[in-house]
Amino acid sequence: MTVTLRFLGAAGTVTGSKYLVEHDGHSLLVDCGLFQGYKQLRLRNRDPLPVMPNHIHAVLLTHAHLDHSGYLPLLAKEGFRGKVWSTPATRDLAQILLPDSGHIQEADADFANRHGFSKHAPALPLYTEDDARQSLKLIRTVPMGKAFEPIKGWTAHFFGAGHILGAASLLLEVGGRRIVFSGDLGRPDDALMLPPERAPAADAVVCESTYGDREHPVEDVLAELGPSLKRCAARGGTAVVPAFAVGRAQALLHAIAELKARHELPRDLPIYLDSPMAIHSTGLFSRHIGEHRLDAAQCQAMESVAKMTRTADESKAIAMQHGPKVIISASGMATGGRVLHHLARYLPDHRNMVLLTGYQAPGTRGATLASGGTQLRMHGQDIPVRAEVVQLTSASAHADSNQLMAWLQALPSAPHRVFVTHGDPEASDRLRYRIEHELNWRALVPEHGSMWSI
């Protein structure tokens, strides 16, 4: 029986990871992510999958970021009733991220309806907070390295990918074939996470390529972050830091704690973590000691360096704090969440700063800021951009091109084919070229919806 692999997301784009594996009348999804960024990509979230959700027997999540897990509530809402397999930390993070995603979608739809700027009447959320909570009941956890059977006769095991808490690569064995899915690979020198583990031999490898066409700078995040925040504070400005609630927010808190301990930032510079999701995610580091680089004291320092603003009223009260301050808030690409209100308030003033801390997918507000946009559209209004915009180049939690190549080269033997996914076209094609010309392996960038025999 043939084993087929169908690319339902993250093919030719850096978002919406979904890989459908089919064999002998059974199928499973590796990752179940939302499309984000350009509107034409986001519209795919409302397109029906080419397979009925109730015909999918299992879902395997490599990690909890929404571009890998955020479609799960909709899949369950539309009839999926199988098991969802993940590591324990991924489950813990999904319990935070997915309900929050549903809540934001409900809030955005309500706002659009009240202010009348939606093209749809009424605007409807993709799924609700309750839909997300219901989908969480399907998750089953398995430790890193432990084999399990997602479908009878199919064997899988997760192994460490770095990147964020719980993130894993995956080996799936089915029909006599071995397929490795990289998930999102972290950096070997990441300040928070352990380095990615070596992958086992495989017939096919599905490898991410977010940074497939570039290398990270030698400079570390402390050397970039400290001077930027100090410069903004010196002119009495507010630094708004859009940050992914999981991973990036914690890396920034750890870095700021280090900078304050070294007296490279004023100890009394107010820091706010204005994201309930990021606050809850930060607390998970203490619960998963040994799965990252921080010890208990460093976790405590990371948690105590900022004032945690949990409620909407606490968030609004930040504006009453005069003088320099730093606001870390989700989302990381300014696609939604509380950070939009801070951007609307602080972007028009030249004393302020927007600090972009990672990859900004094309079509997002973060990408508009990174490209020098002079106005930003939020909640139906165009906000002038007069604040200084700084993009950190050293804060990424993704492996760069050389690190991706090193991870592939460490495979015990050459796979029959490498599928290069989860990257913008230029990044994916550059990594494909390097694999073909430096490793002499067969590699390709699959098209969205394409199907391949393994």
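Everything that follows concerns the structure shown earlier in this document.
These lines cover the structure that appears in this document, whether it is placed above or below.

Taken as a whole, the second largest pocket encloses approximately 480 Å³ of empty space. Within the residue set of the lining of the second largest pocket, elements represented by two or more residues are helix H6 (221-234) and helix H7 (248-261). Top element by residues in the lining of the second largest pocket is H7. It accounts for 7 residues. Its residues assigned to classes, the lining of the second largest pocket shows 16 nonpolar, 8 polar and 8 charged.

Ordered in space as S14-S13-S15-S12-S16-S19, the 6 strands form an open sheet in which the pairing is parallel. Bordering the open sheet on either side are strand S14 (307-308) and strand S19 (388-391), each of which pairs with just one other strand. Across 3 bridges, strand S13 (residues 271-273) lies against strand S15 (residues 325-329) in parallel orientation. Residue isoleucine 271 lies in a different strand from S15, and its bridge partner there is valine 326.

Looking at helix H5 (residues 129-136), one finds that the buried residues are Asp131, Ala132, Ser135 and Leu136. Down the axis of H5, the buried side of the element spans an arc of 140°, and every buried residue falls inside it. Check the buried side of H5 and you find it contacts helix H3 (72-77), helix H4 (88-115) and strand S6 (139-141).

What follows concerns the environment of valine 174. Within the secondary structure, valine 174 sits in strand S9 (residues 168-174). For the pair formed by valine 174 and lysine 152, sequence separation is 22 residues and the distance between their alpha carbons is 9.9 Å. With residues up to four places along the chain from it excluded, the contact list for valine 174 reads Val3, Val21, His23 and Trp154.

We now examine the sheet that holds strand S21 (residues 443-444). Spatially, S7-S8-S9-S10-S11-S20-S21 is the arrangement adopted by the 7 strands of the open sheet, whose pairing is mixed. Here the strands that pair on one side only, and so sit at the sheet edges, are strand S7 (148-151) and S21. As paired elements, strand S20 (residues 417-421) and S21 share 2 bridges and run parallel to each other. Considered in S21, the bridge of phenylalanine 419 is made with leucine 444. In the packing of helix H13 (residues 401-409) onto the sheet, contacts are made with strand S8 (154-160), S9, strand S10 (177-181) and strand S11 (204-208), and the angle to S11 comes to roughly 165°. Against the sheet, helix H14 (residues 425-439) makes contact with S11, S20 and S21, and its axis sits at roughly 160° relative to S20, the strand it touches most.

So, on to the environment of leucine 29. Among the structural elements, leucine 29 can be located in strand S3 (residues 26-30). The class for leucine 29 is buried, based on a relative accessible area of 0%. For the pair leucine 29 and valine 59, spaced 30 residues apart in sequence, the C-alpha separation works out to 4.7 Å. If we skip the residues at most four places from it in the chain, leucine 29 touches Leu8, Lys18, Tyr19, Leu20, Ile56, Ala58, Val59, Leu60 and Leu75.

As a further point, take the pairing of S8. Extensive coverage of S8 is indicated by the burial of 5 of its 7 residues. Where S7 and S8 come together, 2 bridges link them in antiparallel fashion. Across the sheet, the residue bridging to phenylalanine 148 is alanine 156, located in S8. The antiparallel pairing of S7 with S8 creates a hairpin that spans 2 residues between the two strands, and glycine 153 there sits at a positive phi of about 90°. Direction of pairing for S8 relative to S9: antiparallel, over a ladder of 6 bridges. Its bridge partner being in S9, histidine 157 is matched across the sheet by leucine 171.

It is worth spelling out the packing of aromatic side chains at this point. Under the defined criterion, the tally for this structure stands at 7 aromatic pairs. With a centroid separation of 4.9 Å and 25° between ring planes, the pair formed by tryptophan 85 and phenylalanine 148 is classed as stacked. Of this pair, tryptophan 85 sits in strand S5 (residues 83-86) while phenylalanine 148 is found in strand S7, placing the two residues 63 residues apart along the sequence. Clustering of aromatic rings is evident, with ring pairs tying together Phe7, Tyr19, Phe181, Phe419 and Trp452. Across from the ring centre of tyrosine 71, 4.5 Å away, lies the NZ or CZ of lysine 18, which sits over that ring. One Lys or Arg, arginine 345, reaches over the ring of tyrosine 346 and ends 6.0 Å from the middle of that ring.

Cut-offs applied
Residues numbered from 1 in each chain as written. Predicted model: local features only at pLDDT ≥ 70, side-chain atom pairs only at ≥ 80, totals over all residues. Heavy atoms only, no water. 1 Å grid on protein atoms, 1.4 Å probe; cavity = no way out; pocket = protein on both sides within 12 Å on 5 of 7 lines; lining within 4 Å. Points joined across faces, edges and corners; volume = space filled by probe spheres on them. Helix = DSSP H or I, 4+ residues; strand = E, 2+ residues; numbered from the N terminus. Nonpolar A, V, L, I, M, F, W, Y, C, P; charged D, E, K, R; others polar. Pairing = 2+ DSSP bridges. Buried < 20%, exposed > 50% of the residue type's maximum accessible area, 1.4 Å probe, protein only. Arc of directions from axis to C-beta. Contact = heavy atoms within 4.5 Å. Axes fitted to C-alpha atoms, helices over the stretch in contact; angles between N-to-C directions. Phe/Tyr/Trp six-rings, centres within 6.5 Å; stacked < 30°, edge-to-face > 60°. Lys NZ or Arg CZ within 6 Å of the ring centre and 35° of its normal.

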